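Here is how the chains run, residue by residue.
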Amino acid sequence: MVAFDTIMGIFWLVCGIIVLIPAYMIAFGGRPDLHVHYDDSVDPAYVSRRAGTTALLMGISMIVYALYQLVVGYQPLALGALLVSLLVLSTLTKRFAKGWGWNGDRDSTLE
């Protein structure tokens, strides 16, 4: 019989990989249109840079937690920290995709 820690670790690992694929395409492939909350009036480079990087952090945090659970085992505090971080990062990536923090009057390049 397979241990609960192994099953849940593999689950979080698969979820992290699933999140990393479109996050990579948004951040490095210049495809902000893949984000479900993308607003067309926002600069695509801004969304790729901010929302893509935030989504990459979400996927990486899931993979790190999965490896932690596979090695150490289930820890309620670690799971709680993962869920809170995913909630915060999810909110940030939605806001960045909608143009939060973007000033349309300025040039969108880094100064």
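What you see is a predicted model; the values in this text were computed from it and never measured. (Residues numbered from 1 in each chain as written. Predicted model: local features only at pLDDT ≥ 70, side-chain atom pairs only at ≥ 80, totals over all residues. Heavy atoms only, no water.)

## Section: the environment of Val64
Looking at where Val64 falls in the secondary structure, it is placed in helix H2 (residues 44-71). Between the C-alpha atoms of Val64 and Gly16, which are 48 residues apart in sequence, the distance is 8.8 Å. (Helix = DSSP H or I, 4+ residues; strand = E, 2+ residues; numbered from the N terminus.)

## Considering the packing of helix H1 (residues 4-27) against H2
At a minimum axis separation of 7 Å, H1 and H2 run at an interaxial angle of 165°. In terms of axis orientation, H1 runs roughly antiparallel to H2. At the point where H1 passes H2, the crossing takes the left-handed sense. When the residues that make up the contact of H1 with H2 are grouped by side-chain class, the tally is 23 nonpolar, eight polar and one charged. (Axes fitted to C-alpha atoms, helices over the stretch in contact; angles between N-to-C directions. Parallel < 35°, antiparallel > 145°, perpendicular 65-115°, else oblique. Left-handed = near helix turned anticlockwise from the far one by under 90°. Nonpolar A, V, L, I, M, F, W, Y, C, P; charged D, E, K, R; others polar.)

## Regarding helix H3 (residues 76-97)
Over its 22 residues, H3 extends 31 Å from the first C-alpha to the last, a length consistent with the 32 Å expected when each residue adds 1.5 Å. On the buried face of H3, the contacting elements are H1 and H2. In the stretch just after H3, Gly99 is the one whose phi turns positive, near 105°. (Expected span 1.5 Å × (residues − 1). Contact = heavy atoms within 4.5 Å.)

## A closer look at the environment of Gly9
Residue placement: Gly9 occurs in helix H1. Given the relative accessible area of 0%, Gly9 is considered buried. Spatially, the C-alpha atoms of Gly9 and Tyr65 are 7.7 Å apart, while their sequence positions differ by 56 residues. Excluding anything up to four places from it in sequence, Gly9 contacts Ala66, Gln69 and Leu70. (Buried < 20%, exposed > 50% of the residue type's maximum accessible area, 1.4 Å probe, protein only.)

## Some points on the confidence of the model for the chain
With 87% of its residues at a pLDDT of 70 or more, the chain has an overall mean of 85. The spread of mean pLDDT over the elements of the chain runs between H2, the lowest at 90, and H1, the highest at 93. (pLDDT = per-residue confidence, 0-100.)

## Notes on the side chain of Thr93
One can find Thr93 in helix H3. For Thr93, a relative accessible area of 6% translates into the label buried. Side-chain polar atoms of Thr93 contact the backbone oxygen of Ala51, separated by 3.2 Å. Contact partners of Thr93, with chain neighbours within four places excluded, come to His35, Ala51, Thr54, Ala55 and Met58. (Polar contact = N/O pair within 3.5 Å; in protein donor to acceptor, adjacent residues only side chain to side chain.)

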